[in-house]
Amino acid sequence: ELFLYHEDTDLSLRLKLRGWRVVIAPESDFFHKYEFKRSRTKFYWMLRNQLVLFFTIPKIPTILLLLPMQSAYCLGVLFFSVRNGFFREALRALSYFTRLSTWRYLIGRRHLIQPGRQLTDRQLFEKAKSRIVFQDTSNWVLDYLGNPMMAFWWRLVYPLIRW
């Protein structure tokens, strides 16, 4: 179901939840040619798959704590998509979550992921960052409004995540 984007993040998080150590080899070189502005399809898959992870990896109380920040993020994405010509793709990605079949899939996915957990959400998110950084894009709304708001919310809610 995860296609093109965030499948590597999904695999890493699920392995980590099961108690595996996820490591990198700092001496290796990896090149990824990434041109965000070139592909509308990329925008759809990135947003959709990020939201699939949001609704399936954390425990329900964590999702509820992070939902205001995630909602603000989605509003920011809509703003960004209007400015950059991806609005239709953003709406398509968000509308994926209006279908009953999507929620059946997400619930089924949660039933596969959650039972084997060996980490708490607090442990899983201890190194999480609350900022958005795009290689190809920089704008003052994100730098001076979005990222500071997300950092504030994260500082507020992370201490509440005890599970």
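Scroll up for the structure.
Residues numbered from 1 in each chain as written. Predicted model: local features only at pLDDT ≥ 70, side-chain atom pairs only at ≥ 80, totals over all residues. Heavy atoms only, no water.

J.: It is not clear to me how the overall build of the protein should be interpreted in this structure. Could you clarify?
T.: When helices and strands are counted, the protein shows seven helices and zero strands. Reading the protein from its N terminus to its C terminus gives the helix and strand order α-α-α-α-α-α-α. Against the compact-globule benchmark of 15 Å for 163 residues, the protein has a radius of gyration of 16 Å, which places it among compact chains. Its C-alpha atoms give the protein principal-axis dimensions of roughly 45 × 40 × 35 Å. Summing over all exposed atoms, the protein offers an accessible surface of approximately 10,800 Å²; the carbon and sulfur share of this is 61%. The average position of the 25 basic charges and that of the 12 acidic charges among the side chains of the protein differ by 7 Å. (Helix = DSSP H or I, 4+ residues; strand = E, 2+ residues; numbered from the N terminus. Rg over C-alpha atoms; globule rule 2.2 N^0.38 Å. Areas by Shrake-Rupley, 256 points an atom, 1.4 Å probe, with all protein chains shown as cover. Lys, Arg positive; Asp, Glu negative; His and termini not counted. Charge placed at Lys NZ, Arg CZ, Asp CG, Glu CD.)

J.: What should I look at first to understand the packing of helix α2 (residues 40–56) against helix α4 (residues 87–95) in this one?
T.: Helix-helix packing is described using two parameters, namely the angle between the two axes and the distance between the axes. Here α2 crosses α4 at 30°, and the two axes come no closer than 8 Å. By the criterion of interaxial angle, the relationship of α2 to α4 is roughly parallel. Judged by the twist between their axes, the crossing of α2 over α4 is right-handed. Where α2 abuts α4, its residues Arg40, Phe43, Tyr44, Leu47, Arg48 and Leu51 lie against Glu89, Ala90, Arg92, Ala93 and Leu94. Tallied by class, the residues present in the contact of α2 with α4 amount to seven nonpolar, no polar and four charged. (Axes fitted to C-alpha atoms, helices over the stretch in contact; angles between N-to-C directions. Parallel < 35°, antiparallel > 145°, perpendicular 65-115°, else oblique. Left-handed = near helix turned anticlockwise from the far one by under 90°. Contact = heavy atoms within 4.5 Å. Nonpolar A, V, L, I, M, F, W, Y, C, P; charged D, E, K, R; others polar.)

J.: What am I meant to see in the side chain of Arg110 here?
T.: Topologically, Arg110 is positioned in helix α5 (residues 100–113). The charged side chain of Arg110 is buried without a salt bridge, its nearest counter-charge being Asp121 at 7.1 Å. In contact with Arg110, other than residues within four places in its own chain, are Phe55, Thr56, Ile57, Pro58, Lys59, Ile60, Ile63 and Pro115. (Buried < 20%, exposed > 50% of the residue type's maximum accessible area, 1.4 Å probe, protein only. Salt bridge = Lys/Arg side-chain N within 4 Å of Asp/Glu carboxyl O.)

These figures come from the coordinates and say nothing about function on their own.
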